[in-house]
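Residues per chain, in single letters:
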Amino acid sequence: MSSPATAPPAPNNLKRIVAASLIGTTIEWYDFFLYGSAAALVFNKLFFPEEDPLVGTLLSFLTYAVGFAARPLGALVFGHYGDRLGRKKLLVLSLLMMGGATFAIGLLPTHASVGSAAPVLLTVLRLVQGFALGGEWGGAVLLVSEHGDARRRGFWASWPQTGAPAGQLLATGVLSLLTAVLSESAFGSWGWRVPFLLSGVLVIVGLWIRLSVDESPVFKQALAQAEARKSSATATAEKMPLVAVMRHHWRDVLVAMGARMAENISYYVITAFILVYATTSAGVSKQTALNAVLIASAIHFAVIPAWGALSDRLGRRPVYLIGAVGVGLWMFPFFSLIDTGGFGNLLLAVTVGLVLHGAMYAPQAAFFSEMFATRMRYSGASIGAQFASVAAGAPAPLIATALLKEYDSSTPISLYVIAAALLTVVAIVVAKETRDRDLTDVQPEDGEVRAKAPAAGAPLG
């Protein structure tokens, strides 16, 4: 007989939880990706003017990478308090921080107005964005995973993951519309600010929805048991979530970091660096490149829940391996298709790349959630995901742009992504399958996670 924590929730309640997580992650990723697209298209001229366009782009992507550097700190802080206070409170805070920073970017003066102060202010706001996003992902996927039906956890938990392509779709769509209706001088003068200022409206909508959902029942049960332990005569002090993760789950953290390498690097090469490569090496217009990413992101959004559902049938590891191997094999055809300069080939290259990426990204939410015990799950999942982003997604556009400048060829970039794919394959091969784990039963023991139910009266982790 299912416990209240593991019983499937009412369909309407679960859909509201999924909607709250999805809308929040969509807004957060809209803010984050908007910066990446603007870094490739206009920030190099507005904040880092240089004679060599690629040098300006490198500096622009450097501030883009700074946002990733703040994500581990966000993971530590939000993870700690999310495991102590709950998922919902921290998700509201992350949304406010991200939206506020993005809105402020839309008001920034450029290098022409205030000189070197402009890129400094831009970098500070980018740090705030990264800090907020470092805490957003873990809370959003846990809120759904801990509410959802265990038999379909991969499917339901994959919906917050669609916030990434939805945010990319929204950011790219707004930019694509503006570049289509505005002249290049108007877009560079004031048009680029519009999508950043729109973030203020989106945050209000997201905040209203997030405040309407309940805290995770799994977390509330674990918190109640932790409080009961504190009041017992034999109570011992509860370890900080970070300390507990490093003691009981350090192998899982390493697996999560390895699993992120191909997923994170391939995504930013396919969606951010392509705006540089297609326009500078393949002779494709900005509008054409943006349209390709726009259409491919819509398909990416649609396939993620399908991959998540497949992970409920086959397991998290097999589906993840399909994506990692597929992305590695696709890199050489990916650039060959872009080099033709045709829109159809460009669209095919990006679409196939993102479909394969979805095979990694979809099961990731449930996979990482199932690795960690309840009272350290926010910290563990966030640390594994966000620390990897510093070595993976953060430098990916920067490394790809530097390789292109140095070798004037896509071959080194393909090899770079293939190397990341090999690291991910190794991580998934050594990982344990988690599909059948009950989140209320997961206990830390000797660095691993048991799937067996605890003995009667045993406390949750």
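These numbers were taken from a predicted model, which means no experiment stands behind them.

Visitor: I would appreciate a short explanation of helix α3 (residues 71-85) in the present structure.
Guide: Each turn of an α-helix holds 3.6 residues, which means side chains three or four residues apart point in the same direction. With 15 residues, α3 extends 20 Å from end C-alpha to end C-alpha; this agrees with the ideal 21 Å at 1.5 Å per step. Those residues of α3 that fall on the buried side of the exposure criterion are Arg71, Pro72, Gly74, Ala75, Phe78, Gly79, His80, Gly82 and Asp83. Positioned one or two residues after α3, Gly86 has a phi angle of 125°, which is positive.

Visitor: Looking at this model, I keep getting lost on empty space enclosed by the protein. Mind explaining?
Guide: Over the atoms, a rolling probe the size of a water molecule traces out where space has been left empty. All chains considered together, the criterion is met by two cavities of 30 Å³ or more. Taken as a whole, the largest cavity holds about 50 Å³ of empty space. Counting only elements with at least two residues in the lining of the largest cavity, the list comes to α1 (11-46), α14 (250-280) and α17 (343-371). With five residues, α14 is the largest single contributor of residues to the lining of the largest cavity. Empty space within the second largest cavity amounts to approximately 40 Å³. Lining the second largest cavity, in full, are Phe33, Gly36, Ser37, Gln168, Thr271 and Ala272. At the level of secondary structure, the elements contributing two or more residues to the lining of the second largest cavity comprise α1 and α14. Among the elements that line the lining of the second largest cavity, the one with the most residues is α1, at three residues. Its residues assigned to classes, the lining of the second largest cavity comprises two nonpolar, four polar and no charged.

Visitor: I keep staring at α14 and nothing clicks. Help me out?
Guide: For α14, which comprises 31 residues, the first-to-last C-alpha distance of 43 Å matches the rise-based estimate of 45 Å (1.5 Å per residue) to within 8%. Of all the bends in α14, the greatest, near 55°, is centred on Phe273. Within α14, 25 of the 31 residues are buried, which leaves it mostly tucked inside the rest of the structure.

Visitor: Whenever I open this one, the pattern of salt bridges confuses me. Can you help?
Guide: For the structure on display, the rule yields nine salt bridges. Where Arg153 meets Glu370, a salt bridge forms, and the shortest distance between an N and an O atom there is 2.9 Å. Of this pair, Arg153 sits in helix α7 (residues 153-161) while Glu370 is found in helix α17, placing the two residues 217 residues apart along the sequence. Taking the relative accessible area as the measure of exposure, Arg153 reaches 4% and is therefore buried.

Visitor: Can you walk me through the packing of aromatic side chains in this structure?
Guide: Pairs of aromatic rings are described using the distance from one ring centre to the other and the angle between the two planes. Counted under the stated rule, the structure contains 13 aromatic pairs. Geometrically, the ring pair formed by Phe47 and Trp192 is edge-to-face, given 6.0 Å between the ring centres and 85° between the ring planes. Taken together, the positions of Phe47 in the loop between α1 and α2 (53-69) and Trp192 in the loop between α9 (184-191) and α10 (193-197) put the pair 145 residues apart, joining distant regions of the chain. Connected via pairs of aromatic rings, a cluster forms that spans Trp137, Tyr320, Phe367 and Phe368.

Visitor: Would you explain the packing of α7 against helix α15 (residues 286-314) in this entry?
Guide: Between two packed helices, both the angle of their axes relative to each other and the distance between the axes serve to describe the pair. For the pair α7 and α15, the least separation of the axes is 7 Å and the interaxial angle reads 155°. Taken together, the axes of α7 and α15 lie roughly antiparallel to each other. With respect to the hand of their crossing, α7 and α15 are arranged in right-handed fashion. Only Phe301, Ile304, Pro305, Gly308, Ala309, Ser311 and Asp312 of α15 make contact with α7, whose side of the interface consists of Arg153, Gly154, Phe155, Ser158, Trp159 and Gln161.

Visitor: Sorry if this is basic, but what is going on with a nonpolar patch on the surface here?
Guide: On the surface, a cluster of nonpolar side chains totalling about 350 Å² of accessible area is made up of Leu73, Val77, Tyr81 and Leu85. Looking at where Leu85 falls in the secondary structure, it is placed in helix α3.

Visitor: When you look at the environment of Ala396 in this model, what are you seeing that I'm missing?
Guide: Among the structural elements, Ala396 can be located in helix α19 (residues 396-407). What makes Ala396 buried here is its relative accessible area of 0%. Not counting the four nearest positions on each side in its chain, Ala396 is found in contact with Ile265, Tyr268 and Tyr416.

Visitor: For this particular structure, what's the right way to read the nonpolar core?
Guide: Considering soluble globular proteins, one finds that nonpolar side chains tend to be buried as a cluster. Ranked by internal contacts, the top residues of the largest apolar core, which has 109 residues, are Phe43 and Phe334. Top element by residues in this core is α14. It accounts for 17 residues. Residues in contact with Phe334, not counting those within four places in the same chain, are Ile270, Ile274, Ala349 and Val350. Ranked by size, the runner-up nonpolar core spans 18 residues in total, among them Ile17, Val18, Ala20 and Trp156.

Visitor: I tried to follow the side chain of His300 on my own but got confused; where do I start?
Guide: Looking at the secondary structure, you find His300 in helix α15. Among the polar contacts made by the side chain of His300, one reaches the side chain of His357 at a distance of 3.1 Å. Contacts of His300, omitting those with residues within four sequence positions, involve Pro165, Tyr267, Leu354, His357 and Gly358.

Visitor: Looking at this structure, I do not really get unusual backbone geometry. What am I missing?
Guide: Peptide bonds are mostly trans, and most non-glycine residues show a negative phi. With a phi close to 50°, Asp408 is a non-glycine residue in the positive phi region. The topology assignment puts Asp408 in the loop between α19 and α20 (411-430). A relative accessible area of 65% means that Asp408 is categorised as exposed.

Conventions adopted
Along each chain, the written sequence defines residue order, and numbers are assigned to residues from 1. Where totals are concerned, whole chains, interfaces and linings use all residues; where local detail is concerned, this predicted model gives features only for residues with pLDDT of at least 70, and gives and counts side-chain atom pairs only at 80 or more. Excluded from the side-chain calculation are hydrogens and water; included are all heavy atoms of the structure. Elements are defined by DSSP. Helices are runs of H or I of four residues or more, strands are runs of E of two residues or more, and each kind is numbered from the N terminus. Here the expected span of a helix is defined as 1.5 Å times the quantity of residues minus one. Burial classification: accessible surface area is computed with a 1.4 Å probe over protein chains only, and a residue below 20% of its type maximum counts as buried, one above 50% as exposed, and the rest as partly exposed. Grid points spaced at 1 Å and placed over the protein atoms alone form the basis of the search, with a cavity being a set where a 1.4 Å probe fits but cannot get out and a pocket an open set showing protein on both sides within 12 Å along at least five of seven lines. Lining residues have an atom within 4 Å of a point. Grid points are joined across faces, edges and corners, and a volume is the space filled by probe spheres set on the points. Polar here means any residue outside two lists: the nonpolar Ala, Val, Leu, Ile, Met, Phe, Trp, Tyr, Cys and Pro, and the charged Asp, Glu, Lys and Arg; Gly therefore counts as polar. The quantity called bend is, for any residue, the angle between two axes fitted respectively to the seven residues ending at it and the seven beginning at it. Think of a salt bridge as a Lys or Arg side-chain nitrogen and an Asp or Glu carboxyl oxygen that are within 4 Å of each other. Only the six-membered ring of Trp is used, alongside the rings of Phe and Tyr, when aromatic pairs are assigned; centres must lie within 6.5 Å, and planes under 30 degrees apart are stacked while those over 60 apart are edge-to-face, with the rest tilted. Every axis in this analysis is a line fitted to C-alpha atoms, fitted for helices over the stretch in contact. Angles between the N-to-C directions lie between 0 and 180 degrees. Each angle is binned into one of four classes, with values under 35 degrees roughly parallel, values over 145 roughly antiparallel, values of 65 to 115 roughly perpendicular, and all other values oblique. Working rule for handedness: look at the near helix, and if it is turned counterclockwise from the far one by less than a right angle, call the crossing left-handed; if clockwise, right-handed. By definition in these notes, contact holds between two residues if any of their heavy atoms fall within 4.5 Å. Like charges within 9 Å and nonpolar side chains (Val, Leu, Ile, Met, Phe, Trp, Tyr) within 5 Å are joined into patches, using only residues over 30% in relative accessible area that form no salt bridge. Surface accessibility follows the Shrake-Rupley procedure with a 1.4 Å probe radius. Residue values consider only the protein chains on display as shielding. Remark: nonpolar core denotes a set of buried residues (Ala, Val, Leu, Ile, Met, Phe, Trp, Tyr, Cys) joined through side-chain atoms within 4.5 Å. Pairs of N or O atoms are called polar contacts if they sit within 3.5 Å, as long as, within protein, a hydrogen donor faces a hydrogen acceptor (for residues adjacent in sequence, only side-chain-to-side-chain pairs).

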